[in-house]
Amino acid sequence: MMPGPITAADGKNVLSVGAGIITSVWQPGSFVDVNDAKDAMRAVAQISRGIPMPMLSEMTDVEISAAARYEFAQTTGVLAIAVLGSSTVDRVIAAAMSRHTKYPHEFFTSRDDAMAWLHNFISGRGQSGGYADGMSALA
């Protein structure tokens, strides 16, 4: 059994697990620095109990420092990340985050599409790095 919701980054981030997927919700309007990113990654390890899992990261209207983007990209605690946003700015920030990742990373504006993509990693179909629609949403 996974623990209940965990708050990280001085309350800017709330993480939970359901159906084998970590959900990370960042407070809109937040600025995420490297310390926030490190704290969020510690929370991921805690909530997943060290078992890499797919993650949905809701990051609408969130600003992320370059150092925080790099920190997020270095994590080994996730199998794949679907970033959920709503604007062109959110898409650009997600694209910048994907530059150094060692795991599949996609941007979505639809929660249903993001969850469908992440479910591929639970079943093992997405572990080769293939994308649900055959194309990267960030390309």
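Since we're looking at a predicted model, the values are computed, not measured.

Participant: Account for the environment of Thr-7, with residues named and values stated.
Facilitator: Structurally, Thr-7 can be placed in strand S1 (residues 6–8). For Thr-7 and Ser-24, which are 17 residues apart along the polypeptide, the C-alpha to C-alpha distance reads 9.5 Å. Those residues in contact with Thr-7 that lie beyond four places of it in its chain are Asn-13 and Val-14.

Participant: How would you summarise the nonpolar core if you had to cite specific residues and measurements?
Facilitator: Counting residues in each nonpolar core, the largest one holds 25 residues, and the members touching the most others are Leu-15, Trp-26 and Phe-72. Counting residues per element, the ones that place at least two in this core are S1, strand S3 (21–26), helix H1 (34–48), strand S5 (53–58), helix H2 (66–73) and strand S7 (78–84). Of the residues forming this core, the biggest block, six residues, is contributed by H1. Excluding residues within four positions of it along the chain, Leu-15 makes contact with Gly-4, Pro-5, Ile-6, Ala-8, Ile-22, Thr-23, Ser-24, Ala-40, Ala-43, Val-44, Ile-47 and Met-55. In this structure, Leu-56, Leu-84, Phe-108 and Phe-121 belong to the second largest nonpolar core, which totals eleven residues.

Participant: Now, about unusual backbone geometry: what can you tell me, with residues and values included?
Facilitator: The phi angle at Asp-10 is positive, at roughly 55°, despite the residue not being glycine. Within the fold, Asp-10 resides in the loop between S1 and strand S2 (13–18). Residue Asp-10 is classed as exposed on the basis of its relative accessible area of 75%.

Rules used in this analysis
- Residues numbered from 1 in each chain as written.
- Predicted model: local features only at pLDDT ≥ 70, side-chain atom pairs only at ≥ 80, totals over all residues.
- Heavy atoms only, no water.
- Helix = DSSP H or I, 4+ residues; strand = E, 2+ residues; numbered from the N terminus.
- Contact = heavy atoms within 4.5 Å.
- Core = buried A, V, L, I, M, F, W, Y, C linked by side-chain atoms within 4.5 Å.
- Buried < 20%, exposed > 50% of the residue type's maximum accessible area, 1.4 Å probe, protein only.

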